[in-house]
Amino acid sequence: MTDVTKIDDYLSIGELASMTGIGVHTLRVWEKRYGSPHSQRLPSGHRRYPKAEVPRLRAIASALESGYRPSKVVTATMEELQRLMGLQSFVESKADAHNAGQAEQTSKEMWIESGVKSIHGYDDGALLNGFHEQWGRHGALNFVIHFAAPLLERVGKGWETGELTVSHEHFTSECMVSFLSEKWRQMNIRKQGPTVLITTLPGESYSLGILLCAVVTSVTNFKVIYLGIDNPLEDIITAAKNYQPDILTMSISHVFNPEFAETLLYKIRKELSPKTLMVTGGKGSPRNLPGVTYLTELDKYYDLLVNFNPSTR
Ligand code: B12
């Protein structure tokens, strides 16, 4: 029997359950049935699990939420789970962004241009088919980061140069909003992990930023509470007080003057439990605000979520 009593890198079954959202009973059953996650016993007979198992168990929880069976995922390695969930190429592309093949880049550009063609013809069937295809092929994270966001940017450029009209832009937004809303809501059903409250400041007219955040959050084991855009400050504060989210995530678009956004964020921060982490992003977001974590990229937001430990806050 290994002496794990003096080792900090071990967790009790209760701690493991609260950090992964997988119940104590389920963890016991899995160990008995599949031998995983494997525990060591204290002299008292209590189980101790390596902390290093937490990311793998969170990935297992996500895979189960997506409909995989325990028999397929409980003994899987982290790499196997990432491949299964379409995250492998995301991880690889993060690690090796500079070496992303020219062919891959070209195929993304071609996909974006074929999307623009569908937008020109107001062809929602073709556009949505394209979304489904890339989502299925590359996974949720790759889809939002490498396909959805660049397509929106391309549409913005098209509008700027007169190639596309305002109604093309609205048409694209509508298709994207309905596609992403359905996707993240499906993934969010039955989630029981820590919570993320997602909203915008009052006066915000852009919803796609928080929708992309909702998708990224739903890939993890966090439960999303989505308030949508343009909420009164007092409602955001009341919701945060009532639901005590682990994280409050906001996207602040270019519509905002960062100094004005700063005033509003201060007011929220002052009222919020210190345990709630505030995360902001977007072009109108202030940076370096005490008590507020500002992030530029969605993949950094994903990293923050998977490494988040509510018990240390
Ligand atoms: C869709 C769109 C709209 C839609 C929005 C619909 C909706 N449901 O949200 C509507 C129709 C409302 C709209 C209206 C207008 N728009 Co507009 N719009 C766009 C477009 C095409 C996409 C914007 C978008 O949502 N992108 C997706 C978001 C998520 O991307 P992002 O904001 O760049 O954020 C990235 C990061 O900052 C980060 N991020 C964002 N939030 C967060 C949060 C967290 C926590 C983290 C970690 C990361 C993160 O992730 C994103 C992806 O990398 C852009 C083009 C572009 N280049 O962005 C123009 C664009 C923003 N619009 C523009 C303009 C001019 C307008 C109008 C003035 C047009 C008009 N004459 O009516 C109005 C103004 C509206 C207003 N109230 O001020 C200009 C703005 C120029 C400027 N800087 O001033 C742009 C840039 C187009 C252009 N090239 O000219 N628009």
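Per chain, the residues get numbers from 1 upward, laid out in the order the sequence is written. Where local features are concerned, this predicted model is filtered to residues with pLDDT of at least 70; where side-chain atom pairs are given and counted, the filter is 80 or more; whole-chain, interface and lining totals use all residues.

## What to know about the overall build of the chain
Link 1 in the chain: Helix and strand assignments come from DSSP, with helices taken as H or I runs of at least 4 residues and strands as E runs of at least 2, each series counted from the N terminus. Per the secondary structure count, the chain includes 14 helices and eight strands.
Link 2 in the chain: At 21 Å, the chain has a C-alpha radius of gyration in line with the 20 Å of a compact globule built from 313 residues.
Link 3 in the chain: Across its three principal axes, the chain shows a C-alpha extent of roughly 75 × 45 × 35 Å.
Link 4 in the chain: Put simply, a residue is buried when 20 or more other C-beta atoms lie within 10 Å of its own C-beta and exposed when 12 or fewer do; between those, it is partly exposed, and each C-beta is set from the backbone. When burial is assessed residue by residue, the chain has 36% of its 313 residues classed as buried. Two things to know: the radius of gyration comes from C-alpha atoms, and the globule rule equals 2.2 Å times the number of residues to the power 0.38.

## A look at helix α3 (residues 54-65)
Link 1 in the chain: The span expected for a helix works out to 1.5 Å for each residue beyond the first. The terminal C-alpha atoms of α3 lie 17 Å apart, and with twelve residues this matches the ideal 16 Å at 1.5 Å per residue to within 8%.
Link 2 in the chain: The element α3 is largely enclosed, with a buried count of nine among its twelve residues.
Link 3 in the chain: Buried within α3 we find R56, L57, R58, A59, I60, A61, S62, A63 and E65.
Link 4 in the chain: The contact rule is simple: place each C-beta atom from the backbone, and if two of them lie within 7 Å, those residues are in contact. Those residues of α3 that are buried are in contact with α1 (13-20), α4 (70-73), α5 (78-84), α10 (166-188), α11 (208-219) and α14 (298-306).
Link 5 in the chain: One or two steps after α3, the chain reaches G67, where phi turns positive at roughly 105 degrees.

## Thoughts on the sheet that holds strand β6 (residues 247-251)
The strands making up a sheet associate through backbone hydrogen bonding, with each pair oriented either parallel or antiparallel.
Link 1 in the chain: Pairing within the open sheet is parallel, and its five strands lie in the order β5-β4-β6-β7-β8. Two strands close off the open sheet at either side, each with one partner strand: β5 (223-228) and β8 (292-294). Direction aside, the axes of adjacent strands within the sheet are offset by 20 degrees on average.
Link 2 in the chain: Pairing between two strands requires that DSSP report at least two bridges joining them. Pairing analysis gives three bridges linking strand β7 (residues 277-281) to β8, with the strands arranged parallel. Note on geometry: axes are C-alpha line fits, over the in-contact stretch for helices, and angles between N-to-C directions span 0 to 180 degrees.

## Some details on the site of the ligand
Link 1 in the chain: Near the ligand you find 32 residues, and of these G156, L208, G209, S251 and G281 are the closest.
Link 2 in the chain: Mapped onto the shell around the ligand, the elements with two or more residues apiece are α9 (140-160), α10, α11, β6, β7 and α14.
Link 3 in the chain: Sorting elements by how many residues they give to the shell around the ligand places α9 first, with eight residues.
Link 4 in the chain: Three categories are distinguished: nonpolar for Ala, Val, Leu, Ile, Met, Phe, Trp, Tyr, Cys and Pro, charged for Asp, Glu, Lys and Arg, and polar for the others, with Gly belonging to the last. Residues belonging to the shell around the ligand are distributed by class as follows: 14 nonpolar, 13 polar and five charged.
Link 5 in the chain: In terms of domain composition, the shell around the ligand takes at least three residues from each of domain 2 (91-185) and domain 3 (190-312). Each residue receives a C-beta atom placed from its backbone. It is near a molecule or strand if this atom lies within 6 Å of it. Start and end points for every domain follow an automatic or database-based domain assignment.

## Examining the nonpolar core
Link 1 in the chain: By size, the foremost hydrophobic cluster in this structure holds 53 residues, and its most contacted members are V144, A214, V215 and V216.
Link 2 in the chain: In terms of domain composition, this core takes at least three residues from each of domain 2 (91-185) and domain 3 (190-312).
Link 3 in the chain: With sequence-adjacent residues up to four places away left out, V144 is seen in contact with A149, L212, V215, V216 and L298.
Link 4 in the chain: Within the second largest apolar cluster, 15 residues are counted, among which are Y10, L11, L27 and A63. What makes a nonpolar core is a set of buried Ala, Val, Leu, Ile, Met, Phe, Trp, Tyr and Cys residues, with links drawn between C-beta atoms within 7 Å.

## Here we look at the domain arrangement of the chain
Link 1 in the chain: Assigned domains within the chain: domain 1 (10-85), domain 2 (91-185) and domain 3 (190-312).
Link 2 in the chain: Taken together, the contacts link nine residues of domain 1 with ten residues of domain 3.
Link 3 in the chain: At the level of elements, α1 and α3 are the ones that each hand at least two residues to the side of domain 1 that touches domain 3.
Link 4 in the chain: Per-element tally for the side of domain 1 that touches domain 3: the top contributor is α3, with five residues.
Link 5 in the chain: Of the residues belonging to the side of domain 1 that touches domain 3, the class tally is three nonpolar, four polar and two charged.

## Describing the pairing of β6
Link 1 in the chain: In terms of residue burial, β6 counts as a mostly covered element, since five of its five residues are buried.
Link 2 in the chain: Burial along β6 is two-sided: I247, T249 and S251 and L248 and M250, pointing in opposite directions, are all buried.
Link 3 in the chain: In the sheet, strand β4 (residues 195-199) pairs with β6 via four bridges, with the strands oriented parallel. Along β6, the bridge assignment pairs I198 with T249.
Link 4 in the chain: Bridging between β6 and β7 involves five bridges; their strand directions are parallel. Following the sheet pairing, M250 is matched in β7 by T280.
Link 5 in the chain: Considered for its hand, the β-α-β crossover made up of β6, helix α13 (residues 258-271) and β7 is right-handed. Here is how to tell: hold the view so the strands point away, follow the path from the first strand over the helix to the second, and if it runs clockwise the crossover is right-handed.

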